[in-house]
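The residues making up each chain are set out below.
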Amino acid sequence: MSARRHRFTLALLATAATAVIAAAWAFAPQGDPEGVPPPLVSVQPVPGAVVVSPAEVVVVLPVGYRLDLVVDGTPIPESEVEWVEATGTFRWQPAVGGIVEAWGPGDHVVEVAWERVAGGRPDPGSFTWSFRVI
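To start, this report covers the structure provided alongside it. (Residues numbered from 1 in each chain as written. Predicted model: local features only at pLDDT ≥ 70, side-chain atom pairs only at ≥ 80, totals over all residues. Heavy atoms only, no water.)

Concerning the sheet that holds strand β1 (residues 42–44)
Threshold: Here, any two strands with at least 2 DSSP bridges between them count as paired. Think of it this way: any DSSP run of H or I at least four residues long counts as a helix, any run of E at least two long counts as a strand, and we number them from the N terminus. Between N-to-C directions, angles span 0 to 180 degrees; the directions come from axes that are lines fitted to C-alpha atoms, helices contributing only their stretch in contact.
Pairing in this open sheet of 4 strands is antiparallel, and the strands run β1-β3-β7-β6 from one edge to the other. Each edge of the open sheet carries a strand with a single partner, namely β1 and β6 (82–84). Within this sheet the neighbouring strands show an average axis-to-axis angle of 10°, counted without direction. The pairing of β6 with strand β7 (residues 89–92) spans 3 bridges and is classified as antiparallel. Directly across from Glu 82, in β7, lies its bridge partner Arg 91.

This is the structure:
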């Protein structure tokens, strides 16, 4: 390869690398991808997600919080919500014989309200999000 062709190839590679870096910077998502307020750690399905039934609602809060769950306007009894106290994880999904037996196709709205019950001042709050079941 001649020196001129070698310089041209290096210049072309440098230009391509610069373009890739600029595109990644311009189009990369900014901030928290889930967009949940503190003290929520995470929610599943993430807001705006499209999921396949059966889908499970998972809410993670710091240890010492309790949660009230409302799905599509229906309060979910505590007896149907699985709670792992040691990790602050709350899980629920429709079940035969439960208050909600199955996800229908379409949009679903989940509302959670929390309150600290141990270790500090009261810290009530709430968060609402939606996802779509296909």
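Now that the structure has been shown, we can carry on.
Things to note about the pattern of salt bridges
Selection criterion: By definition here, a salt bridge exists when the distance from a side-chain nitrogen of Lys or Arg to a carboxyl oxygen of Asp or Glu is within 4 Å. Only protein chains enter the accessibility calculation, which uses a 1.4 Å probe; a residue whose area is less than 20% of its type maximum is buried, one above 50% is exposed, and one in between is partly exposed.
With the rule as written, the count across this model stands at 4 salt bridges. In this structure, Asp 123 and Arg 116 form a salt bridge, with 3.7 Å as the shortest nitrogen-oxygen distance. Among the residues examined, Asp 123 registers a relative accessible area of 23% and is labelled partly exposed. On the basis of relative accessibility, which here comes to 25%, the residue Arg 116 falls in the partly exposed class.

Looking at the nonpolar core
Keep this limit in mind: Throughout this description, the term nonpolar core refers to a set of buried Ala, Val, Leu, Ile, Met, Phe, Trp, Tyr and Cys residues connected via side-chain atoms within 4.5 Å. We call two residues in contact when some of their heavy atoms are within 4.5 Å.
With 26 residues, the main nonpolar core has Leu 40, Val 59, Leu 69, Trp 92, Val 112 and Trp 129 as its most contacted residues. Non-local contacts of Trp 92, meaning those with residues more than four positions away in its chain, are made with Glu 56, Val 57, Leu 69, Val 71, Ile 76, Glu 80, Val 81, Val 100 and Trp 103.

Comments concerning the packing of aromatic side chains
Quick note on the threshold: Classification of ring pairs rests on two measures: the distance between centres of Phe, Tyr or Trp rings, Trp counted by its six-membered ring, which must be within 6.5 Å, and the angle between planes, read as stacked under 30 degrees, edge-to-face over 60 and tilted in between.
Taken as a whole and assessed by the stated rule, the structure comprises 4 aromatic pairs. Considering the side-chain rings of Trp 92 and Trp 103, the 5.6 Å spacing of their centres and the 85° angle between planes classify their relative orientation as edge-to-face. Placement of Trp 92 in strand β7 and of Trp 103 in the loop between β7 and β8 (106–116) is noted, with a sequence separation of 11 residues between them. With relative accessibility at 1%, the residue Trp 92 sits in the buried group. The class for Trp 103 is buried, based on a relative accessible area of 8%. Between the aromatic rings of Phe 127 and Trp 129, the centroid separation amounts to 5.6 Å while the plane-to-plane angle is 20°, which identifies the pairing as stacked. As far as burial versus exposure is concerned, Phe 127 and Trp 129 are alike and both buried. A connected cluster of aromatic rings, assembled from ring pairs, spans Trp 92, Trp 103 and Phe 131.

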